[in-house]
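Descriptive analysis of the structure
As a plain string of letters, each chain reads:
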Amino acid sequence: MSTLDHYQLLRDVIFEIGHAGTGIEKPGWVDGYTPLARHTLLYLAKGEGHLTINGQSCILERDSLHMLAPGTIADMELLPLLGTELYWVTFDWYRLTERTEVGRSYRRELTFPLKGKLQMNGSLFKRYLYLLAAAGEKDSGQSHLLAQHYLSDLLNAMLRHAEPADNNEMADRLRLTVDYMQSHYREAIRVNKLAELARLHPSYYSQIFKRTMDKTPVSYLTHLRMNKAKEMLLTTDKPVNDIAADVGYEDEFYFSRRFKETNGYSPTIYTKKQDLNIISLSSPYTDHLYTLGLHPCAAQVHRFMPLVTRELTLPKHASDPWDISRQAFSDMKPDLILCKDNVLAKAKAHINDIAPIIPISWASKDIYAHHQEIAELVDRKSSSLRWMDNHERSSKRLRKKVQALIGDASVAICVSRKNDLRMYGTRNIGHVFYRSLQLAMPDRIRQAQGAHAAGTGFNWMSIKPDEIKDFEADYLFISCETEYDRRRILQYIQTNPYWIKHPAIISGKLFFLDWAKWIVYAPHGINQQLEEVERLLLL
């Protein structure tokens, strides 16, 4: 708030203090049932605890400052034996509404510009709270006037300098310690070190960590180490003694005993398990597992896959929010979690202690490399070879039919989404046309694709509407994410001269493709796309 703004706010107001005090326990009127009668300022100078505001719990830590409005239902729990020092001030403030020769009229204000948890640097407001508490202990007119003066100065300073505190501050502190464990799991890590990083008392840190993660810090670290060991058992040929050393255990036999205590089976049994309980965080990889004959216990799925499993609402991209709880994963007791590399960081931040998380590189590998790598991981190489052989036979059969009908005709593939037009190459929606059926592509796509291996590196290029003239082809396939996108394309076809003159539009060889079905880049989805092309071109 600017100096002028806060000057105007506090001009022609008076304050009336209800309570001002300090203590090692919460005041009796903060009881979790009775609405606060006045504006209330709470400051915890020392100690730790919890503050519940209208049913929402938050952390009370040293230097916590909260402003609560009248009508708020608040409760507080202070941890004993931590040298608690709590200050509080309750007050009303009134604004002048009428001034006459006879007298003045004031209106009680029920709101204040600052509310909730606040952060304010410096010792000035602490001194005012001490003076207010001291004045509150005296029952004299002079003390009452002094207290009003102190409160006015305190609120003035707060309006100048206080800012809303980050509600996720405690989560950030815990995340700092989790990140530390994930980076230093090979080392001997003490709870005192983690508590120091979080700037919390060790016992309180352990309590908050257990409440948030459903594990103690020591248990979290143990599970983290065991999952790193599982990852190496699945993806490397290292002997058990080397893996034990890599995850922080000098004694191989102690490591094996801890592994069995944590998982219920030995490291050697884990590598031979044929019934791995798998969770897939990425729908394309769920499709791969399904095609390999595996049914994950939970997964992100696309709607064209006939798989019955527990469907997870998970982010499709790294920037999307992660809303699913840790409990949902731990309840399923997975042996392995599979994901795209672009969501690995988010998955590790939330569930890295629950099971080994193995990423499969998404953009740098094509569908065949994905299939082979996943098959290798889950010991289904023969199933992978069988799918690829069947897919190639189906592609070859349809390729002959299509080429007999359209010869060397060219195909352009356009996607309309998010106010963008995209022309596709050999990956995703272009796979069936350019790789399975080996149809000719526009020159600009061929030039862009030429610098990359098929299915990698180049996916699509963004174009302006008039640039459709640079992508002439005998056939034009368009996929629209939304109805708005479809209407936009129809408008181009009716009004844009370059679209009107496109050879495929002139000859009536324009086809619209279902976005949800054709954006799938996975084996079962591609099989369905092949079938649809056959219906579109041959029937």
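I will try to describe carefully the structure that is included in this document.

Criteria and cut-off values
- Residues numbered from 1 in each chain as written.
- Predicted model: local features only at pLDDT ≥ 70, side-chain atom pairs only at ≥ 80, totals over all residues.
- Heavy atoms only, no water.
- Helix = DSSP H or I, 4+ residues; strand = E, 2+ residues; numbered from the N terminus.
- Rg over C-alpha atoms; globule rule 2.2 N^0.38 Å.
- Buried < 20%, exposed > 50% of the residue type's maximum accessible area, 1.4 Å probe, protein only.
- Contact = heavy atoms within 4.5 Å.
- Areas by Shrake-Rupley, 256 points an atom, 1.4 Å probe, with all protein chains shown as cover.
- Lys, Arg positive; Asp, Glu negative; His and termini not counted.
- Charge placed at Lys NZ, Arg CZ, Asp CG, Glu CD.
- Axes fitted to C-alpha atoms, helices over the stretch in contact; angles between N-to-C directions.
- Parallel < 35°, antiparallel > 145°, perpendicular 65-115°, else oblique.
- Expected span 1.5 Å × (residues − 1).
- Arc of directions from axis to C-beta.
- Phe/Tyr/Trp six-rings, centres within 6.5 Å; stacked < 30°, edge-to-face > 60°.
- Pairing = 2+ DSSP bridges.
- Core = buried A, V, L, I, M, F, W, Y, C linked by side-chain atoms within 4.5 Å.

We now examine the overall build of the protein. Looking only at helices and strands, one finds 22 helices and 20 strands in the protein. For 539 residues, the compact-globule estimate of 2.2 N^0.38 gives 24 Å, and the protein exceeds it by more than 25% at 33 Å. Taken along its principal axes, the extent of the C-alpha atoms in the protein is 105 × 75 × 35 Å. Residues counted as buried form 49% of the 539 residues belonging to the protein. Within the protein, contacts between residues separated by at least 24 positions form 67% of all contacts whose residues are at least 6 apart in sequence. Total accessible area on the protein stands at roughly 26700 Å², and carbon and sulfur atoms take up 49% of it. Here the protein holds 68 positive side-chain charges and 64 negative ones, and the gap between their average locations is 3 Å.

Below, the discussion takes up the packing of helix H7 (residues 217–235) against helix H9 (residues 252–263). Running from N to C, H7 and H9 point in directions that differ by 105°, and their axes come no closer than 10 Å. The orientation of H7 with respect to H9, classified from their angle, is roughly perpendicular. Two secondary-structure elements touch here, H7 through Thr222, His223, Met226, Ala229, Lys230 and Leu233 and H9 through Phe255, Arg258, Phe259, Thr262 and Asn263.

Below, the discussion takes up helix H6 (residues 202–213). Look at H6: 16 Å from first C-alpha to last across twelve residues, which is about the 16 Å you get at 1.5 Å a residue. Regarding H6, the residues found buried are Tyr204, Tyr205, Ile208, Phe209 and Met213. Relative to the axis of H6, the buried residues are bounded by an arc of 140° and lie together on one face. Those residues of H6 hidden inside the fold are in contact with strand S3 (49–53), strand S4 (56–60), helix H4 (169–184), helix H5 (191–198), H7 and helix H12 (326–330). One or two steps after H6, the chain reaches Asp214, where phi turns positive at roughly 60°.

So, on to the packing of aromatic side chains. According to the stated counting rule, one finds 20 aromatic pairs in the structure shown. The interplanar angle of 50° and the centroid separation of 5.8 Å between the aromatic rings of Tyr205 and Phe209 together place this pair among those described as tilted. Residue Tyr205 and its partner Phe209 are both found in helix H6; the two are separated by four residues, about one turn of the helix. Its relative accessible area of 0% is what places Phe209 among the buried residues. Considering the side-chain rings of Phe259 and Tyr270, the 6.4 Å spacing of their centres and the 65° angle between planes classify their relative orientation as edge-to-face.

The parallel open sheet is built from five strands, whose spatial order is S13-S12-S11-S14-S15. Only two strands of the sheet have a single neighbouring strand rather than two, namely strand S13 (310–311) and strand S15 (357–360). As defined by bridge partners, strand S12 (residues 298–299) adjoins S13 across two bridges and the pair is classed as parallel. Bridged to Ala298 within S13 is Arg310. Across the sheet, helix H14 (residues 367–377) touches strand S14 (336–340) and S15, and the angle it forms with S15 is around 155°.

Moving on to the nonpolar core. With 97 residues, the main nonpolar core has Met181, Tyr205, Phe255, Met423, Phe433 and Trp499 as its most contacted residues. With eight residues, H7 is the single largest residue contributor to this core. Setting aside anything within four residues of it in sequence, one finds Met181 in contact with Ile189, Leu194, Tyr205, Phe209, Pro217, Tyr220, Leu221 and Leu224.

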